[in-house]
Amino acid sequence: MRRPETRYARSGDVHVAYQVFGEGELDLVLVNGFVTHVELVWEHEPTARFLERLASFARVITFDRRGSGLSDPLHSAPTLEERMDDVRAVMDAAGSRRAALVGLSEGVPMSLLFAATYPDRVEALVCSGGMARSTADDDYPWASPAEALAEARVELVGPHWGTGAMIELVAPSQADDPEARSFFARMERGSASPGMLASLAEMFVDIDVRDVVPLVYARTLILHRRHDRLVNVRNGRWLAEHLPDARLVELPGDDHSILYEDPGRVMAEVQEFLTGTRHAPEPDRILATVLFTDIVDSTRTAAELGDRRWREVLEGHQRIVRDALGRFAGREVKSTGDGFLATFDGPARAVRCAEAVVGASAAAGVHVRAGLHAGECEVMGTDIGGIAVHIAARVSALAGPGEVLVSRTVKDLVAGSGLAFGDRGAHTLKGVPDEWQLYAVESAPTASPASRTA
């Protein structure tokens, strides 16, 4: 999708940066939390996919809240009322009379206030990872104490702002991915300076829209992860209990962000709620050998080498993997920063490719491990899913440095190939039923990479 143009709406004396994209009949306003930058987000693949999916069924209006991103900086903390006016100003500038509001995190209370104040302008609400009150109270004990938030801001967030440290709370599932952490760092720096962050944080600790919630009559979808590390799930449950027309969907995982852990389900829930249609085409199913690779102790190695040297190591590793995939007819599904996910239509070539990657990486001074499993995969566009992918990931996690570990399925399918294996015993794989017999590759004789007989 072509990247949208950034424009400015006037909200009082403040210029608010916004974008409009998509051509659906439904207008949708995306109300973000305090980390926003309408242009940087397009450089992050998971966020870009999220926005493109919204644009597939709606005309999307997104903006940087005042004091953040490309909008005007502020000298004092904005009130909820002022931020609510920003939503109205952006809708007016985009020519939107009535829209669905999708509030994320801190954007939820502002969306609730807007829906109660301007019910004629709100078609529906989606609230993800949100809250009615930001700090604990006698009858709201699950929120963080105000003192704890202040201490965290001074001792944890402030000194580390701009380094990507927020990923530990917002998306812990991605905390070990150097590319994801680097993007978080850029978003932090692009969203607000440390001084501006302090002003924005002052407003956050005063948020309390509980009295407004019963006055929100728009139908509402509440999404919340059961183990959200940043905003306790009981915040979402409270909203579901007190909103007049709400449906709660509790999602597995501990990310606060909705971008990473099963984003397909998240988007399907949002689309079905807003349009009545769940866009989930029947996935193509193929038999494939799935390969996962990753650099062992990548976080420690990155810290020891420093950013520049680590980037050179990653680039060299990526060249090694892609060269091997080309020689052994593998298909790169995606890079995970310090590793790869790939598929093959021949298990023997997959094993030999893994051995080539491990060997070449070792020669370059990088310890890599690999895991393989063969089974039925679901093909969804350029991505793959299904139990076979989960098994391959678990097998890879059990491999040692310089080791290629395979499931018994792979071992049985390459019988007669000349490959030799050592028994590594039966293992319980997290999230996968039964025990799985695993084997380590002990030799991978040279064979023609182009051979399609494997």
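Residues numbered from 1 in each chain as written. Predicted model: local features only at pLDDT ≥ 70, side-chain atom pairs only at ≥ 80, totals over all residues. Heavy atoms only, no water.

*Asks:* Residue-level account of the pairing of strand 12 (residues 368-380), with values.
*Replies:* Pairing between strand 9 (residues 284-295) and strand 12: twelve bridges, direction antiparallel. The partner of Leu 291 across the bridge, within strand 12, is Leu 372. Pairing analysis gives three bridges linking strand 12 to strand 14 (residues 404-407), with the strands arranged parallel. What sits directly across from Gly 371, in strand 14, is Leu 405. Strand direction decides the pairing type here: strand 12 and strand 13 (residues 383-385), joined by three bridges, are antiparallel. In the strand pairing of strand 13, Met 380 is matched with Asp 383. (Pairing = 2+ DSSP bridges. Helix = DSSP H or I, 4+ residues; strand = E, 2+ residues; numbered from the N terminus.)

*Asks:* Provide a residue-level description of empty space enclosed by the protein, including the pertinent values.
*Replies:* One pass over the structure, following the stated rule, counts one cavity of 30 Å³ or more. Of the pockets and cavities examined, the largest cavity occupies roughly 30 Å³. Ser 128, Gly 129, Leu 223, His 224, Arg 225, Asp 228, Leu 251, His 256 and Ile 258 together form the lining of the largest cavity. The biggest single contributor to the lining of the largest cavity is strand 7 (residues 220-225), with three residues. Looking at the lining of the largest cavity residue by residue, the class counts come to three nonpolar, four polar and two charged. (1 Å grid on protein atoms, 1.4 Å probe; cavity = no way out; pocket = protein on both sides within 12 Å on 5 of 7 lines; lining within 4 Å. Points joined across faces, edges and corners; volume = space filled by probe spheres on them. Nonpolar A, V, L, I, M, F, W, Y, C, P; charged D, E, K, R; others polar.)

*Asks:* Go over the packing of helix 1 (residues 45-55) against helix 9 (residues 263-275), please, and point to the residues and values.
*Replies:* Where helix 1 meets helix 9, the closest approach of the two axes is 11 Å, and the angle between their N-to-C directions is 25°. One finds that helix 1 runs roughly parallel with respect to helix 9. For helix 1 against helix 9, the interelement crossing comes out right-handed. Contacts between helix 1 and helix 9 involve Phe 50, Arg 53 and Leu 54 from the first element and Gly 264, Met 267, Ala 268, Val 270 and Gln 271 from the second. Residue classes in the contact of helix 1 with helix 9 are distributed as five nonpolar, two polar and one charged. (Axes fitted to C-alpha atoms, helices over the stretch in contact; angles between N-to-C directions. Parallel < 35°, antiparallel > 145°, perpendicular 65-115°, else oblique. Left-handed = near helix turned anticlockwise from the far one by under 90°. Contact = heavy atoms within 4.5 Å.)

*Asks:* Please give an account of the nonpolar core that cites residues and values.
*Replies:* Grouped together as the largest cluster of nonpolar side chains are 46 residues, with contacts concentrated most on Val 29, Phe 63, Leu 112, Phe 114 and Leu 239. Ignoring anything within four residues of it in the chain, the contact list for Leu 239 reads Val 108, Leu 112, Gly 130, Met 131, Ala 132, Val 213 and Ile 222. (Core = buried A, V, L, I, M, F, W, Y, C linked by side-chain atoms within 4.5 Å. Buried < 20%, exposed > 50% of the residue type's maximum accessible area, 1.4 Å probe, protein only.)

*Asks:* Can you explain the packing of helix 2 (residues 80-93) against helix 3 (residues 107-117)? Please cite residues and give values.
*Replies:* Interaxial distance between helix 2 and helix 3 falls to 9 Å at its minimum, and their mutual angle equals 70°. Between helix 2 and helix 3, the angle falls in the class roughly perpendicular. Across the interface between the two elements, Leu 80, Glu 81, Arg 83, Met 84, Val 87, Arg 88 and Met 91 of helix 2 pack against Gly 107, Met 110, Leu 113, Phe 114 and Thr 117 of helix 3. Of the residues assigned to the contact of helix 2 with helix 3, the class counts are seven nonpolar, two polar and three charged.

*Asks:* So what's going on with the packing of aromatic side chains? Residues and values would help.
*Replies:* Both the distance between ring centres and the angle between the ring planes are used here to describe each pair of aromatic rings. For the coordinates displayed, the defined rule picks out four aromatic pairs. Taken together, a centroid distance of 4.8 Å and an interplanar angle of 50° make the contact between Tyr 140 and Trp 142 tilted. Considered together, Tyr 140 and Trp 142 belong to a single accessibility category, that of buried residues. Taken together, the ring pairs in this structure connect Tyr 140, Trp 142 and Trp 238 into an aromatic cluster. One residue, Arg 219, lies across the ring of Phe 273, its end atom 4.6 Å from the ring centre. Positioned over the ring face of Tyr 439 is Lys 411, at 5.0 Å from the centre of the ring. (Phe/Tyr/Trp six-rings, centres within 6.5 Å; stacked < 30°, edge-to-face > 60°. Lys NZ or Arg CZ within 6 Å of the ring centre and 35° of its normal.)

*Asks:* Can you tell me about the sheet that holds strand 1 (residues 7-11), naming the residues and giving the values?
*Replies:* Read across the open sheet, the eight strands follow the order 1-2-4-3-5-6-7-8; overall the sheet is mixed. Because the sheet does not close on itself, it has two edges, and the strands there are strand 1 and strand 8 (246-251). Sheet twist, expressed as the average angle between the axes of neighbouring strands with direction ignored, equals 25°. Note that strand 3 (residues 26-31) and strand 4 (residues 58-63) share five bridges and pair parallel. Counted as the bridge partner of Leu 28 is Val 60 from strand 4. Running over the sheet, helix 8 (residues 233-242) touches strand 7 and strand 8 and is turned about 160° from strand 7.

*Asks:* Describe the side chain of Arg 83, with residues and values.
*Replies:* Residue placement: Arg 83 occurs in helix 2. Among the polar contacts made by the side chain of Arg 83, one reaches the side chain of Glu 106 at a distance of 3.1 Å. (Polar contact = N/O pair within 3.5 Å; in protein donor to acceptor, adjacent residues only side chain to side chain.)

*Asks:* Can you explain the environment of Thr 79? Please cite residues and give values.
*Replies:* In this fold, Thr 79 is placed in the loop between strand 4 and helix 2. Overall, Thr 79 belongs to the partly exposed group, its relative accessible area being 39%. Measuring from C-alpha to C-alpha, the distance between Thr 79 and Ala 329 comes to 57 Å, with 250 residues separating the pair along the chain.

*Asks:* Tell me about the pattern of salt bridges, and name the residues and values.
*Replies:* Taken as a whole and judged by the stated rule, the model has 31 salt bridges. Note that Glu 52 and Arg 3 form a salt bridge whose closest N and O atoms lie 3.7 Å from each other. Remark: Arg 3 occurs in the segment before strand 1 and Glu 52 occurs in helix 1; sequence separation between them is 49 residues. Overall, the relative accessible area of 41% leaves Arg 3 in the partly exposed class. Residue Lys 334 is joined to Asp 383 by a salt bridge in which the shortest nitrogen-to-oxygen separation is 3.8 Å. (Salt bridge = Lys/Arg side-chain N within 4 Å of Asp/Glu carboxyl O.)

*Asks:* Can you lay out helix 2 for me, pointing to particular residues and giving the numbers?
*Replies:* The terminal C-alpha atoms of helix 2 lie 20 Å apart, and with 14 residues this matches the ideal 20 Å at 1.5 Å per residue to within 8%. When we look at burial in helix 2, the residues that qualify are Leu 80, Arg 83, Met 84, Asp 86, Val 87, Ala 89, Val 90 and Met 91. Looking at the residues trailing helix 2, positive phi occurs at Gly 95, about 70°. (Expected span 1.5 Å × (residues − 1).)

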